[in-house]
Each structure stands twice: as structure tokens, then as C-alpha cells.
Amino acid sequence: MTARYQSPTRTARSANTAVRWLAELGISIAGTRVLRVRGRKTGKLRPAVVNLLTVDGVDYVVSPRGDTQWARNVRAAGAVAIGPRRRSKNAMVSELADDAKPKVLSRYLAKWYWQVKGYVGGLTPQSGDDELRAAAPTIPAFALGKADC
């Protein structure tokens, strides 16, 4: 995977904190959820606000900013908790191969382009499969599955 990371501005960090706080209470803004994953170094649960996308009955999370801390933690941990703190559900995760990403990225952009347009390397909801495939190595995407517990 080609490492790309676009750090959020101070305003974006503040907005993410507010949206995460609401999501922790169970209030979803345009499909947001709180994803909690164990940190690679500390082992502590780290929260991140994500957009949960469902395609053909499978839930996905996408990191439009690239190889973020939460994406690296998910990759290392292989499992996450998602949802409000009191009603969160554990899920196993598997990273999508680049060839499988265009379908998911297309749906993701169709739903949240208004929110992520500055982070997806020039992609739009009208981007073709070739453009999506070219950008796929720089945008981590994960499928959520049932936890083994």
C-alpha cells in the first residue's frame, strides 16, 4: 500500500471531537459511528469517528484521509468495537484488496462526497473504475464481520 496521510485541520479535529461525542451518545450524523480499536503501542482503546457504509449486507469503513492512525491500528488489531459505548458491537475486520475497492469507494463517494471531497485525491462520485482503481492503494478500506466471541 502506498502511504498517504492528509492530516485534519484544527477545525476538522474540533468538528470530529463534537461528532464523536454525539456518536458516543448514540446520535448519528449522516451515518457516523464511533470505532474503537486497540492502539498498536499502548494497547488502549482509541476512538475515531467513521462513516459506516453497508453494501450488499456487508458493513465497511473507509479512511478517506489515507493511512491514518486508526487505519494502522485496525490493520494491526484485526478487530474493532463499533457503535455507542454502551451498545457497541465487536467486529473482526479484513482489509479489502485494491481490486475490490472501486465498488466500495464508488458507493462511499456517492454518499459522503460532500464531507470528504478534500481528502480523496481528486476523486468524485462520477469517477470511473480506472480512476478508483488507481487511487485504491492510497485509501484503506475494511470489511467488518462477525466477532468470534
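Coordinates for the structure precede this section.
Since the model is a prediction, treat every value here as computed from it, not as a measurement. (Residues numbered from 1 in each chain as written. Predicted model: local features only at pLDDT ≥ 70, side-chain atom pairs only at ≥ 80, totals over all residues. Heavy atoms only, no water.)

### Some words on the layout of surface pockets
Approximately 900 Å³ is the volume found for the largest pocket. Elements with a minimum of two residues in the lining of the largest pocket: α1 (10–24), β2 (45–55), α2 (69–77) and α3 (101–116). If you go around the second largest pocket, you meet 16 residues; those closest to its centre are L52, D59, I82, K89 and L144. When contributions to the lining of the second largest pocket are tallied by element, the ones reaching two or more residues are β3 (58–62), β5 (89–95) and β6 (141–146). (1 Å grid on protein atoms, 1.4 Å probe; cavity = no way out; pocket = protein on both sides within 12 Å on 5 of 7 lines; lining within 4 Å. Points joined across faces, edges and corners; volume = space filled by probe spheres on them. Helix = DSSP H or I, 4+ residues; strand = E, 2+ residues; numbered from the N terminus.)

### Re a nonpolar patch on the surface
A contiguous nonpolar patch, built from W21, L25, I27 and I29 and spanning about 430 Å² of accessible area, is present on the exposed surface. By the secondary structure assignment, W21 is in helix α1. (Patch = residues over 30% accessible without salt bridge, like charges linked within 9 Å, V, L, I, M, F, W, Y side chains within 5 Å. Areas by Shrake-Rupley, 256 points an atom, 1.4 Å probe, with all protein chains shown as cover. Salt bridge = Lys/Arg side-chain N within 4 Å of Asp/Glu carboxyl O.)

### Some words on the nonpolar core
One broad trend across soluble globular proteins is that nonpolar side chains are buried collectively. In this structure, V62 and L123 are the most contacted members of the largest nonpolar core, which totals 18 residues. Broken down by secondary-structure element, the contributors of at least two residues to this core are β2, β3, α3, α4 (129–135) and β6. Counting residues per element, this core draws most heavily on α3, which supplies six residues. The residues contacting L123, other than those within four sequence positions of it, are L109, Y113, E131, L132, A135 and I139. (Core = buried A, V, L, I, M, F, W, Y, C linked by side-chain atoms within 4.5 Å. Buried < 20%, exposed > 50% of the residue type's maximum accessible area, 1.4 Å probe, protein only. Contact = heavy atoms within 4.5 Å.)

### Thoughts on the packing of aromatic side chains
Per the counting criterion, the structure on display carries two aromatic pairs. With a centroid separation of 5.1 Å and 50° between ring planes, the pair formed by Y108 and W112 is classed as tilted. One end of the pair, Y108, and the other, W112, are both in helix α3, four residues apart, so they sit about a helical turn from each other. By relative accessible area, which is 3% here, Y108 ends up buried. Here the basic side chain of R65 rests over the ring of Y119, its NZ or CZ set 3.7 Å away from the ring centre. (Phe/Tyr/Trp six-rings, centres within 6.5 Å; stacked < 30°, edge-to-face > 60°. Lys NZ or Arg CZ within 6 Å of the ring centre and 35° of its normal.)

### A word on the sheet that holds β5
Pairing is antiparallel around the closed barrel formed by six strands, whose spatial order is β1-β2-β3-β6-β5-β4. Within the sheet, the average angular offset between the axes of one strand and its neighbour, ignoring direction, is 45°. Of the pairings in the sheet, the one linking β3 to β6 comprises four bridges and is antiparallel in character. Considered in β6, the bridge of Y60 is made with A143. Sheet contacts for α2: β1 (32–38), β2, β3, β4 (79–82), β5 and β6; angle to β1, the most-contacted strand, approximately 55°. (Pairing = 2+ DSSP bridges. Axes fitted to C-alpha atoms, helices over the stretch in contact; angles between N-to-C directions.)

Interpretation in functional terms is not warranted from these geometric data alone.
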